[in-house]
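Coordinate analysis (summary)
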Amino acid sequence: MRGHEEQRLHATVANTDQLRWWLRSFGPNVEVVKPASLRRKLAEEFAEMAELYQG
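This write-up is about the structure you can find in this document. In this text the structure is predicted, and so the values were computed from the model without any measurement. (Residues numbered from 1 in each chain as written. Predicted model: local features only at pLDDT ≥ 70, side-chain atom pairs only at ≥ 80, totals over all residues. Heavy atoms only, no water.)

Turning next to helix H2 (residues 36–53). Helix length check: H2 (18 residues) gives 26 Å between terminal C-alpha atoms against 26 Å at 1.5 Å per residue, within 8%. Those residues of H2 not exposed but buried are Leu38, Leu42 and Glu45. Down the axis of H2, the sector holding all buried residues measures 60°, keeping them to one side. In this structure, H2 carries Glu48 and Glu51 as exposed residues pointing more than 90 degrees from its buried face. Contact partners of the buried residues in H2: helix H1 (17–24). Phi turns positive one or two residues past the end of H2, at Gly55, with a value near 80°. (Helix = DSSP H or I, 4+ residues; strand = E, 2+ residues; numbered from the N terminus. Expected span 1.5 Å × (residues − 1). Buried < 20%, exposed > 50% of the residue type's maximum accessible area, 1.4 Å probe, protein only. Arc of directions from axis to C-beta. Contact = heavy atoms within 4.5 Å.)

Structure (structure tokens):
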């Protein structure tokens, strides 16, 4: 993608539904690295969502 620039953000925030909603709003333009539990949770949600769109 032209003009794509990778940036890393470190933040300490509460693991809430609102945080997960905000992260999901970025779609494929964000990757959660830590904590591993949040990364797994989002990966599970995205896998379920992908199943809906396949076939």
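According to the stated counting rule, one finds 1 aromatic pair in the structure shown. For the ring pair Trp22 and Phe26, a centre distance of 4.9 Å and an interplane angle of 90° mean the geometry is edge-to-face. Phe26 sits in the partly exposed class, given a relative accessible area of 34%. (Phe/Tyr/Trp six-rings, centres within 6.5 Å; stacked < 30°, edge-to-face > 60°.)

A few words on the environment of Gln18. Here Gln18 lies in helix H1. Along the primary structure Gln18 and Val32 are separated by 14 residues, whereas in three dimensions their C-alpha atoms are 15 Å apart.

This part covers the packing of H1 against H2. Two quantities define a packed helix pair, namely the angle between the helix axes and the distance between the axes. Between H1 and H2, whose axes approach to 12 Å, the crossing angle comes to 60°. Judged on the interaxial angle alone, H2 and H1 are oblique. For the element pair H1 and H2, the recorded crossing hand is right-handed. Packed against H1, whose contacting residues are Leu19, Arg20, Leu23 and Arg24, the element H2 presents Leu38, Lys41, Leu42, Glu45 and Phe46 at the interface. Looking at side-chain class alone, the contact of H1 with H2 contains 5 nonpolar, no polar and 4 charged residues. (Axes fitted to C-alpha atoms, helices over the stretch in contact; angles between N-to-C directions. Parallel < 35°, antiparallel > 145°, perpendicular 65-115°, else oblique. Left-handed = near helix turned anticlockwise from the far one by under 90°. Nonpolar A, V, L, I, M, F, W, Y, C, P; charged D, E, K, R; others polar.)

From the geometry alone we can't say anything about function, so treat these as descriptive.
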